[in-house]
Amino acid sequence: MNIIKVKDYTEMSQKAAAYIIDKVRVKPNLKLGLATGGTPIGTYQNLIKDHQEHGTSYQQVVTFNLDEYIGISSDHENSYRFYMNDHLFNHIDIPIGQTFIPNGNADNIEAECVRYEQLIQHYGGIDLQILGIGSNGHIGFNEPGTSFHSKTHVIDLAPSTIKANARFFSSLAEVPTKAITMGISTIMNSKEILLLVSGENKKEAMKKLSTGEISESFPASVLRNHSNVTIMVDQAAL
Ligand code: PGA
């Protein structure tokens, strides 16, 4: 794993955006895997700024998000579809039809998982996957105990995840308890992975990731088996 140490969240967001922009310039039809949560917001702001100032184009880019809640509509302000439109897609030139997120309101959720997995295959797989990490080691919404062989699937969110995400909702009771997530093997099939780790509350996770054993009880540890992972981590998380 290639570890890039940065000073703080601001520097991480600038460097992560520059990293993505380089890839898009080299391969304009990049298949880009995206993440939600607090961590990538600054990165997306920098992508927007660069698009406005330097005109980097996303017209041929295709994006796949890691996950989506089950049980809230896509126009709910806490759905990941809403988040992505609001934080990125509405501000760059990507055709919205090239932005894919699992449908957490599909009539047949199991069929939706299969469809999403096939969609990624159809586009030839993900070139660069952006990841955050949960303090319990989850990547996407693959909570501790998830099989390293998993494909896109339904997951019961861990109590700690529900609690952590409650900050985006008006009450704990409103946080969905289930989600669709790319599986661990789906993520591992990405040609390249960029993991962003920021803040003191990720310190323990960062330590386990770099020195702990590779185990399904700490999902992010699987990344040590991937041949092309870059971790951008700030001082607070070190
Ligand atoms: P965060 O979430 O970026 O909001 O800390 C990361 C995650 O849960 O994967």
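Computed from a prediction, not measured in an experiment: that's the story for all the values here.

Thresholds applied
Residues numbered from 1 in each chain as written. Predicted model: local features only at pLDDT ≥ 70, side-chain atom pairs only at ≥ 80, totals over all residues. Heavy atoms only, no water. Pairing = 2+ DSSP bridges. Helix = DSSP H or I, 4+ residues; strand = E, 2+ residues; numbered from the N terminus. Axes fitted to C-alpha atoms, helices over the stretch in contact; angles between N-to-C directions. Contact = heavy atoms within 4.5 Å. Near = heavy atom within 4 Å. Polar contact = N/O pair within 3.5 Å; in protein donor to acceptor, adjacent residues only side chain to side chain. Areas by Shrake-Rupley, 256 points an atom, 1.4 Å probe, with all protein chains shown as cover. 1 Å grid on protein atoms, 1.4 Å probe; cavity = no way out; pocket = protein on both sides within 12 Å on 5 of 7 lines; lining within 4 Å. Sits in = over half its atoms within 2 Å of the grid points. Nonpolar A, V, L, I, M, F, W, Y, C, P; charged D, E, K, R; others polar. Parallel < 35°, antiparallel > 145°, perpendicular 65-115°, else oblique. Left-handed = near helix turned anticlockwise from the far one by under 90°.

1. Comments concerning the sheet that holds strand 3 (residues 62–65)
Step number 1: The seven strands are arranged 1-10-9-6-2-3-5 in an open sheet whose pairing can be described as parallel. A single partner strand is all that each edge strand has here, and the edge strands are strand 1 (2–6) and strand 5 (99–100).
Step number 2: The pairing of strand 3 with strand 5 spans two bridges and is classified as parallel. The residue of strand 5 that forms the bridge with Thr-63 is Thr-99.

2. Observations regarding the sheet that holds strand 4 (residues 67–69)
Step number 1: What the three strands build is an open sheet, ordered 4-8-7; its pairing is antiparallel. The open sheet has two edge strands, strand 4 and strand 7 (153–156), and neither has a second partner. Between one strand axis and the next, the sheet turns by 30 degrees as a mean value, whatever way the strands run.
Step number 2: Bridge count for strand 4 against strand 8 (residues 178–181) is three bridges, and the pairing is antiparallel. Bridged to Glu-68 within strand 8 is Ile-180.
Step number 3: Of the strands in this sheet, strand 7 and strand 8 are in contact with helix 4 (residues 109–122), which crosses strand 7 at around 120 degrees.

3. Comments concerning the site of the ligand
Step number 1: Around the ligand, the structure places Gly-37, Gly-38, Thr-39, Gly-132, Ile-133, Gly-134, His-138, Arg-167 and Lys-202.
Step number 2: One of the side-chain N or O atoms of Arg-167 is found 2.9 Å from an oxygen atom in the ligand.
Step number 3: Starting from 280 Å² of accessible surface for the ligand in isolation, the protein chains cover 83%.
Step number 4: At a threshold of 2 Å from the grid points, most atoms of the ligand map onto the largest pocket.
Step number 5: Looking at the shell around the ligand residue by residue, the class counts come to one nonpolar, six polar and two charged.

4. Section: the packing of helix 1 (residues 9–26) against helix 2 (residues 41–54)
Step number 1: Following both chains from N to C, one finds helix 1 and helix 2 inclined at 55 degrees, their axes separated by 8 Å at the closest point. With respect to each other, helix 1 and helix 2 are oriented oblique. For the crossing formed where helix 1 meets helix 2, the hand is right-handed. Residues Tyr-9, Ser-13, Gln-14, Ala-16, Ala-17, Ile-20, Ile-21 and Arg-25 of helix 1 form the contact with helix 2, whose own contacting residues are Ile-41, Gly-42, Thr-43, Asn-46, Leu-47, Asp-50 and His-54.
Step number 2: Considering only residue class, the contact of helix 1 with helix 2 consists of seven nonpolar, six polar and two charged.

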